[in-house]
Amino acid sequence: SYTYNLPRATILSDTFEAFIFFQALVSIYGILSLSVVGLLVRTMVLTNVREQTRDLALFRILGAPRGYLFTLVAVEVATLGAVGIGVGALLGQLNTNTAIVPFIAQQAQVPLTDVPLVSAKALILSIATAAVVLAVSAYAPARRAASTKIMYAINPGVAEGLGLDDLAKLRDRRVDLRIFWSG
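Residues numbered from 1 in each chain as written. Predicted model: local features only at pLDDT ≥ 70, side-chain atom pairs only at ≥ 80, totals over all residues. Heavy atoms only, no water.

1. Focus: a nonpolar patch on the surface
Heads up, the rule is: A patch consists of residues whose relative accessible area exceeds 30% and which take part in no salt bridge; residues with like charges are grouped when within 9 Å of each other, and nonpolar side chains (Val, Leu, Ile, Met, Phe, Trp, Tyr) when within 5 Å. Under the convention used here, a 1.4 Å probe and the Shrake-Rupley method define accessible areas, while residue burial counts only the protein chains that appear. One side-chain nitrogen of Lys or Arg within 4 Å of one carboxyl oxygen of Asp or Glu is enough to make a salt bridge. Secondary structure elements are taken from DSSP: a helix is a run of H or I of four residues or more, a strand is a run of E of two residues or more, and numbering for both begins at the N terminus. Categorising residues by exposure relies on relative accessible area from a 1.4 Å probe, with only protein chains included: less than 20% of the type maximum marks a residue as buried, more than 50% marks it as exposed, and the intermediate range marks it as partly exposed.
On the surface, Leu58, Ile61, Ile150, Met151 and Ile154 cluster together into a nonpolar patch covering about 420 Å² of accessible area. Looking at the nonpolar patch, the elements that each hand over two or more residues are α2 (53–61) and α5 (151–154). By secondary structure assignment, the location of Leu58 is in helix α2. The exposure class of Leu58 is partly exposed, given its relative accessible area of 39%.

2. Description of the nonpolar core
We apply this condition: For our purposes a nonpolar core is just a set of buried Ala, Val, Leu, Ile, Met, Phe, Trp, Tyr and Cys residues, chained together by side-chain atoms within 4.5 Å. Contacts are residue-level and defined by heavy atoms, with any inter-residue pair within 4.5 Å sufficient.
Residues Val45, Val49, Val73 and Val77 are the most contacted members of the largest nonpolar core, which totals 13 residues. Every element with two or more residues in this core is listed here: α1 (7–51), α3 (66–108) and α4 (120–146). For Val73, the residues in contact, after removing those within four places along its chain, are Val45, Val49, Pro141, Ala142 and Ala145.

3. Let's talk about the packing of α2 against α3
To be explicit about the condition: For helices, the fitted axis covers only the stretch in contact; all axes are lines through C-alpha atoms, and the angles between them, taken along N-to-C directions, range from 0 to 180 degrees. Take the far helix as the reference: if the near one is turned anticlockwise from it by less than a right angle, the crossing is left-handed, and if turned clockwise, right-handed.
Relative to each other, α2 and α3 sit at 140°, their axes nearing to 10 Å. Here α2 runs over α3; the crossing is right-handed. Here α2 contributes Leu56, Phe59 and Arg60 to the contact with α3, which in turn contributes Arg66, Leu69 and Leu72.

4. Re the environment of Leu39
Tracing the chain through its elements places Leu39 in helix α1. As a C-alpha pair, Leu39 and Leu134 span 95 residues in sequence and 9.4 Å in three-dimensional space.

Spelled out as structure tokens, the structure:
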């Protein structure tokens, strides 16, 4: 008769189910957080575009194509995203290595070297996910900036009304089957 005492294996087997639950909880929290951040970025950039409508219209008067205005807003969001993602990744790694990993090692009663650090694959995946959320959040404000009418620079009050482009769209209007079937 032999007696085995494997504290590490016992701890790992006992905490497996708790880890799976905790991982699911963290994943849901991460998805919700990214969604909220995406909405906040979209709202912030859309507000910025609305405040700068007159400036964007002046760019159009000076000959800037619509694609330039789209790119202007996209580069603004990309710059904010690069700074935010960079600082967030650095602070996240610092927090993980100095606080979270020592806490896990202490709770599991294992040496610090037995707790794995964040992998490069996980870091790259989180950076790519944040970049996709930023790109999706910036699309609608960039489209709004690109569709700025020249009339906003001349007479902003009239620009909200119907213009010649709008009348042409009304004249060429066709039946929208999506509205028909949804009704």
